[in-house]
Amino acid sequence: QVQLVESGGGLVQPGGSLRLSCAASGRLFSLNAMGWYRQAPGKQRELVVDITVDGRTNYADSVKGRFTISRDNAKNTVYLQMNSLKPEDTAVYYCNAVLDSQLPGSFDYYWGQGTQVTVSS
């Protein structure tokens, strides 16, 4: 099993910044990638950004140039630096971990509990 604990959400004014953290623990030897998703009220959960174990990143177009994902492998922690925040960034942000499954070619997905980010004046 894998546990993900997020922190860093909150209320910020438009144009402001926040940094989210996600600490992973458990059986991480088959970790494939980690990332951040978000879900706004009435909308589907969407990918914000993910990062593979070899450092490849994939950003949603809506956050390119404003958000940056980074990781501390020694701490099994990923961070999401969010700058130039907009009201439309308001959502619950979820940390995600993808692990190689025992079945070749399959993956196991794990989720954090979510942290609220509200961008409002």
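The rules we used
Residues numbered from 1 in each chain as written. Predicted model: local features only at pLDDT ≥ 70, side-chain atom pairs only at ≥ 80, totals over all residues. Heavy atoms only, no water. Helix = DSSP H or I, 4+ residues; strand = E, 2+ residues; numbered from the N terminus. Buried < 20%, exposed > 50% of the residue type's maximum accessible area, 1.4 Å probe, protein only. Contact = heavy atoms within 4.5 Å. Patch = residues over 30% accessible without salt bridge, like charges linked within 9 Å, V, L, I, M, F, W, Y side chains within 5 Å. Areas by Shrake-Rupley, 256 points an atom, 1.4 Å probe, with all protein chains shown as cover. Salt bridge = Lys/Arg side-chain N within 4 Å of Asp/Glu carboxyl O. Core = buried A, V, L, I, M, F, W, Y, C linked by side-chain atoms within 4.5 Å.

**Q** What am I meant to see in the side chain of S30 here?
**A** Here S30 is to be found in the loop between β3 (18-26) and β4 (31-39). The class of S30 is buried, set by a relative accessible area of 15%. When neighbours within four sequence positions are excluded, S30 is seen to be in contact with V98, L99 and D100.

**Q** Is there a simple way to think about a nonpolar patch on the surface in this case?
**A** A contiguous nonpolar patch, built from F107, Y109 and W111 and spanning about 330 Å² of accessible area, is present on the exposed surface. As for its placement among the helices and strands, W111 is situated in strand β10 (residues 107-111). Exposure remark for W111: the relative accessible area of 37% places this residue in the partly exposed category.

**Q** Explain the nonpolar core to me, please; I cannot follow it from the model alone.
**A** Side chains of a nonpolar character, in soluble globular proteins, are inclined to be buried together. One finds L4, W36, L80, M82 and Y93 to be the most contacted residues of the largest nonpolar core, which totals 31 residues. Within the residue set of this core, elements represented by two or more residues are β1 (2-7), β3, β4, β5 (46-52), β7 (67-72), β8 (77-82), β9 (91-100) and β11 (115-119). With 5 residues, the top contributor of residues to this core is β9. Once you skip the residues sitting within four places of it in the chain, Y93 turns out to touch E6, L20, W36, Y37, R38, V48, F67, L80, M82, G114, T115 and V117.

**Q** I'm lost on the pattern of salt bridges in this one. Help?
**A** When the charged atoms of two side chains lie near each other, side chains of opposite charge can form a pair. One pass over the structure, following the stated rule, counts 5 salt bridges. A salt bridge links R56 to D54; the nearest nitrogen and oxygen atoms lie 3.2 Å apart. Residue R56 is classed as exposed on the basis of its relative accessible area of 55%. Among the salt bridges present, the one from K64 reaches D61, with a minimum N-O distance of 3.1 Å. For the pair K64 and D61, one class covers both residues: exposed. Through salt bridges with shared partners, a single ionic network connects R38, E46, R66 and D89.

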